[in-house]
Amino acid sequence: LPVLKDGSINEEEAVKQIRHAIDNGVNYIDTAYVYHGGKSEVLLSKAFADGYRGKIFVADKMPMWSIKTYGDFDRILNEQLDRLKTDHIDFYLLHSLSKNTWEKGRDLGALKFLDEAQKDGRIRHRGFSFHDKFDVFKEIVDAYNWDFCQMQYNYMDEHNQAGVDGLRYASQKGMAVVIMEPLLGGKLARKPPVQVQNVWDSAKVKRTPAEWGLRWLWNQKEVTVVLSGMNAIQQIDENIKIASETAVNSLSEEEKNLIYKARDKYKELTKVDCTGCRYCVPCPFGVDIPRIFHLYNQGSIYNDIEGSSRDYMHMDAKNRASVCRECGRCERLCPQHIEIRKKLKEAHRVLSV
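Residues numbered from 1 in each chain as written. Predicted model: local features only at pLDDT ≥ 70, side-chain atom pairs only at ≥ 80, totals over all residues. Heavy atoms only, no water.

Caption draft 1: Here's a closer look at the overall build of the protein chain. Of regular secondary structure, the protein chain possesses 15 helices and seven strands. The C-alpha radius of gyration computed for the protein chain amounts to 22 Å, which stays within 12% of the reference 20 Å derived for 353 residues, consistent with globular compactness. If one aligns the C-alpha atoms of the protein chain with their principal axes, the spans along those axes are about 60 × 55 × 45 Å. Taken over 353 residues, the protein chain has a buried fraction of 48%. Counted over contacts in the protein chain with a minimum sequence separation of 6, partners at least 24 positions apart contribute 74%. Seen as two clouds, the 52 positive and the 50 negative side-chain charges of the protein chain have centres 4 Å apart. (Helix = DSSP H or I, 4+ residues; strand = E, 2+ residues; numbered from the N terminus. Rg over C-alpha atoms; globule rule 2.2 N^0.38 Å. Buried < 20%, exposed > 50% of the residue type's maximum accessible area, 1.4 Å probe, protein only. Contact = heavy atoms within 4.5 Å. Lys, Arg positive; Asp, Glu negative; His and termini not counted. Charge placed at Lys NZ, Arg CZ, Asp CG, Glu CD.)

Structural data, given as structure tokens:
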């Protein structure tokens with residue numbers, strides 16, 4: 001949603017954009033209990049007035065990290081219905097499941113809650129959003145008669161988290177699959193590094209980086225819905241146009257290979273060959289080595305050192321690279337044989353601007 005300088009929602013512009021999207025064919029709106037500090041649902045209720053609620057499907061989420069007792073499920077769902085000023089939520093998700101939140105929620109009765117909420121009409125379809133590895137994803141899918149799931153997926157994340165294996169597994173189970181982070185938080189839509197731009201420029205048909213990323217998703221038959229964060233009318237119109245012109249199997253082999261070539265160019269910009277295995281932590285002095293290397297790589301790959309620097313400086317100072325005492329323990333444990341001490345100094349120098 002568009003925001004003002006103080007970080008609050010620009011309500012007038014947000015309502016205008018949401019209604020413009022609906023008027024031009026968008027019919028699935030995704031929100032969550034915690035978005036915009038709990039104010040997203042309230043804003044949407046204003047956009048959904050004047051008959052707009054009947055034109056769309058609303059997706060909302062249960063914050064699983066906040067659940068302490070079975071009663072919390074009903075309390076939060078009822079609060080969401082009140083915020084949205086609606087009597088039902090069309091697509092309801094257990095939010096951000098991982099191994100820990102899944103097991104905790106399951107043991108507290110989350111699946112029973114979903115059954116009861118669907119039976120009494122407060123929700124129509126039951127699902128979950130996910131951030132973990134494929135084996136955890138498969139366990140969750142197999143544990144319940146889900147209607148749909150939501151997963152992070154884009155051409156850079158084809159084999160990360162649930163990945164393409166998760167996409168196909170859920171689809172084979174008859175589940176609809178909703179895609180989040182289709183452009184990796186906007187990173188694949190912004191002006192790319194010159195190495196990547198040269199790849200796009202070599203295409204016979206000229207498309208924006210965002211269009212290449214979205215077409216890659218809609219080309220796959222297992223993809224049901226693609227969520228795209230938009231905060232300008234121009235972005236809304238571009239995405240609607242791309243969606244209207246794209247179909248399953250519409251990309252040629254040449255075009256798919258071009259996308260993978262762009263992906264390879266992005267990956268060549270990686271500064272540290274860290275796989276995130278976390279063998280190097282906990283550091284005796286508190287350095288969050290995987291997080292630092294992740295930020296350093298993201299800044300380089302997506303031409304966004306400023307963004308990575310901002311995130312780095314928001315880290316607790318006791319977890320930054322400057323705390324390193326060069327004991328070498330991490331390097332002895334690293335299966336990739338990374339010169340961690342050297343790379344930490346390099347990352348700190350670049351990200352501490």
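Caption draft 2: Structural view of the nonpolar core. Membership of the largest hydrophobic core comes to 78 residues, with the highest contact counts inside it found for Met 62, Phe 128 and Trp 146. By residue number, the principal contributor to this core is helix α9 (residues 209-218), which donates six residues. Once residues lying within four places of it in the same chain are set aside, the contact partners of Trp 146 are Leu 94, Trp 102, Leu 111, Leu 114, Arg 126, Gly 127, Phe 128, Ile 140, Val 141 and Met 175. Core analysis: the next-biggest nonpolar cluster, separate from the first, contains 21 residues, Val 272, Cys 283, Val 287 and Tyr 296 among them. (Core = buried A, V, L, I, M, F, W, Y, C linked by side-chain atoms within 4.5 Å.)

Caption draft 3: Summary view of the packing of helix α12 (residues 289-301) against helix α15 (residues 340-351). Relative to each other, α12 and α15 sit at 55 degrees, their axes nearing to 10 Å. The pairing of α12 with α15 is recorded here as oblique in orientation. For the pair α12 and α15, the crossing hand works out as left-handed. Together, Ile 289, Ile 292, Phe 293, Leu 295 and Tyr 296 of α12 and Ile 340, Lys 343, Leu 344, Glu 346, Ala 347, Val 350 and Leu 351 of α15 make up the contact between the two elements. For the contact of α12 with α15, the per-class residue count stands at ten nonpolar, no polar and two charged. (Axes fitted to C-alpha atoms, helices over the stretch in contact; angles between N-to-C directions. Parallel < 35°, antiparallel > 145°, perpendicular 65-115°, else oblique. Left-handed = near helix turned anticlockwise from the far one by under 90°. Nonpolar A, V, L, I, M, F, W, Y, C, P; charged D, E, K, R; others polar.)

Caption draft 4: Fine view of the pairing of strand β4 (residues 123-130). Most of β4 sits inside the fold, with six of its eight residues counted as buried. Relative to β4, strand β3 (residues 89-97) is paired through six bridges, and the arrangement is parallel. Residue Leu 94 lies in a different strand from β4, and its bridge partner there is Phe 128. Relative to strand β5 (residues 148-152), β4 runs parallel, the two sharing four bridges. (Pairing = 2+ DSSP bridges.)

Caption draft 5: Just the sheet that holds β5, in detail. Strand order in the open sheet made by the seven strands is β1-β2-β3-β4-β5-β6-β7, with parallel pairing throughout. The open sheet terminates on both sides in strands that have one partner only, identified here as β1 (28-30) and β7 (225-226). Of the strands in this sheet, β2 (57-63), β3 and β4 touch helix α5 (residues 110-119), which is tilted by about 150 degrees from β4.

Caption draft 6: Quick peek at the environment of Asp 157. Tracing the backbone shows Asp 157 in the loop between β5 and α7 (163-172). What makes Asp 157 buried here is its relative accessible area of 8%. Contact partners of Asp 157, with chain neighbours within four places excluded, come to Gln 152, Gly 163 and Leu 184. Engagement of the side chain of Asp 157 in a polar contact is seen with the side chain of Asn 160, the distance being 2.7 Å. (Polar contact = N/O pair within 3.5 Å; in protein donor to acceptor, adjacent residues only side chain to side chain.)

Caption draft 7: Inspection of the environment of Thr 246 at higher detail. With respect to the helices and strands, Thr 246 occurs in the loop between α10 (233-245) and α11 (253-268). In this structure the C-alpha to C-alpha distance between Thr 246 and Asn 219, which are 27 residues apart in sequence, comes to 7.3 Å. Filtering out sequence-adjacent residues up to four positions away, Thr 246 remains in contact with Arg 215 and Trp 218. One polar contact links the side chain of Thr 246 to the main-chain carbonyl oxygen of Ile 242, over a distance of 2.6 Å.

Caption draft 8: Focus on helix α6 (residues 134-142). Along α6, the residues that are buried comprise Val 136, Phe 137, Ile 140 and Val 141. Viewed end-on, α6 has its buried residues packed into an arc of 135 degrees, placing them on one side of the element. (Arc of directions from axis to C-beta.)

Caption draft 9: Representation of the side chain of Ser 45 in the model. Assignment of secondary structure puts Ser 45 in helix α2 (residues 40-47). On the basis of relative accessibility, which here comes to 9%, the residue Ser 45 falls in the buried class. At a separation of 2.6 Å, a polar atom in the side chain of Ser 45 contacts the main-chain carbonyl oxygen of Val 42. Ignoring any residue separated from it by four or fewer positions in sequence, one finds Ser 45 in contact with Arg 83, Leu 84 and Lys 85.

Caption draft 10: Spotlight on the pairing of β2. Counting buried positions over the seven residues of β2 gives six, a clear majority of the element. Judged from the three bridges that link them, β1 and β2 form a sheet pairing that is parallel. Considered in β2, the bridge of Ile 29 is made with Val 58. Note that the unit made of β1, α2 and β2 has a crossover that is right-handed. Inspection of the sheet shows β2 paired to β3 by five bridges, in the parallel sense. Bridging across to β3, Asp 60 finds its partner in Tyr 92. Traced from β2 through helix α3 (residues 70-84) to β3, the parallel crossover comes out right-handed. (Right-handed = clockwise from strand over helix to strand, strands pointing away.)

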